[in-house]
Amino acid sequence: MIEKVCRDCGTVAEPVTITKGSLGTEILLWLCLLLPGMFYTAWRHGSRYDGCPKCSSANLVPLDSPIGRELSKNHLPASVQTARAPRAGAVAFGRSLGRLFAKK
Ligand SMILES: [Zn+2]
C-alpha cells in the first residue's frame, strides 16, 4: 500500500483498516442473542475505513498530493517518521483485547 500523510497528527504511514466498535462486544452479543450479534457484525464491517495508525483519523492524504507534500515537509526525514509499525492485524487484535479487558 502507498504511504499517506495524516492531516490530523502529521503521521506519515501506510493507512490501516480501522473497525469501529469492539470484538468483545461482538462476541458477547453473539453469545447472548444471535440477531443483535448479526446486526452488530454488519455495522462494524460496514463502518470500516482506512485510517491513521497513530490517531485513527480518516483524514489521510496521499504523499504525492500537494497537501501531502506540504504536510510531510514538516516531518522529515520520512524514513525516521515511518518506523516499522506492527502488522495491522496484530494492532487490531491488541486493540480489541485491550478494550475487552478495559471493560468491566
Ligand atoms: Zn494521525
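Residues numbered from 1 in each chain as written. Predicted model: local features only at pLDDT ≥ 70, side-chain atom pairs only at ≥ 80, totals over all residues. Heavy atoms only, no water.

Re the packing of aromatic side chains
- The tally for this structure, following the rule as stated, stands at one aromatic pair.
- The interplanar angle of 40 degrees and the centroid separation of 5.6 Å between the aromatic rings of Tyr-40 and Trp-43 together place this pair among those described as tilted. With Tyr-40 and Trp-43 both in helix H2 (residues 34–46), this residue pair falls three residues apart, about one helical turn. (Phe/Tyr/Trp six-rings, centres within 6.5 Å; stacked < 30°, edge-to-face > 60°. Helix = DSSP H or I, 4+ residues; strand = E, 2+ residues; numbered from the N terminus.)

As for the coordination of the zinc ion
- Binding of the zinc ion to the protein goes through Cys-6 (SG), Cys-9 (SG), Cys-52 (SG) and Cys-55 (SG), at separations of 2.2 to 2.4 Å.
- Geometry at the zinc ion is tetrahedral, judged from its four donor atoms and the angles of 103 to 113 degrees they form at the metal.
- All donors of the zinc ion belong to a single chain; written as a sequence motif, their spacing is C-x2-C-x42-C-x2-C. You can see Cys-6 sitting in strand E1 (residues 4–6) and its partner Cys-55 sitting in the loop between strand E4 (49–51) and strand E5 (60–62), a full 49 residues away along the chain. (Donors = N, O, S within 2.8 Å, 3.2 Å for Na, K, Ca; no water. Tetrahedral: all angles 85-135°; square planar, octahedral: opposite > 155°, others 65-115°.)

Focus on unusual backbone geometry
- Despite not being glycine, Ser-56 has its phi angle at roughly 65 degrees, a positive value.
- Locating Ser-56 in the fold gives a position in the loop between E4 and E5.

Topic: the confidence of the model for the chain
- Residue-level pLDDT values for the chain average 81, and 87% of them are 70 or greater.
- Within the chain, no element has a lower average pLDDT than helix H4 (residues 78–81), which sits at 50, and none a higher one than E1, at 94. (pLDDT = per-residue confidence, 0-100.)

A short note on the environment of Gly-10
- Turning to its location among the elements, Gly-10 is positioned in the loop between E1 and strand E2 (12–13).
- Taking the relative accessible area as the measure of exposure, Gly-10 reaches 6% and is therefore buried.
- For the pair Gly-10 and Gly-68, spaced 58 residues apart in sequence, the C-alpha to C-alpha distance is 9.2 Å. (Buried < 20%, exposed > 50% of the residue type's maximum accessible area, 1.4 Å probe, protein only.)

Quick word on a nonpolar patch on the surface
- A surface patch of nonpolar side chains, about 550 Å² in accessible area, is lined by Trp-30, Leu-34, Leu-35, Met-38 and Phe-39.
- Considering each element in turn, the nonpolar patch owes the most residues, four residues, to H2.
- By the element assignment, Trp-30 lies in helix H1 (residues 23–32). (Patch = residues over 30% accessible without salt bridge, like charges linked within 9 Å, V, L, I, M, F, W, Y side chains within 5 Å. Areas by Shrake-Rupley, 256 points an atom, 1.4 Å probe, with all protein chains shown as cover. Salt bridge = Lys/Arg side-chain N within 4 Å of Asp/Glu carboxyl O.)

Concerning the side chain of Thr-41
- Summarising the element assignment, Thr-41 is placed in helix H2.
- Note on Thr-41: relative accessible area 18%, which makes it buried.
- Look past the residues within four positions of Thr-41 in its chain and what remains in contact with it is Glu-26 and Trp-30. (Contact = heavy atoms within 4.5 Å.)

Some words on the sheet that holds E5
- In spatial order, the strands read E2-E1-E5; together these three strands make up an open sheet with antiparallel pairing. Looking at the sheet topology across the chains shown, the edges are occupied by E2 and E5. (Pairing = 2+ DSSP bridges.)

Side note on the pattern of salt bridges
- Following the criterion strictly, the structure yields one salt bridge and no others.
- Among the salt bridges present, the one from Arg-44 reaches Glu-26, with a minimum N-O distance of 2.3 Å. Of the two residues, Arg-44 is situated in helix H2 and Glu-26 in helix H1; the sequence distance between them amounts to 18 residues.
- On the accessibility criterion, Arg-44 (6% relative accessible area) is buried.

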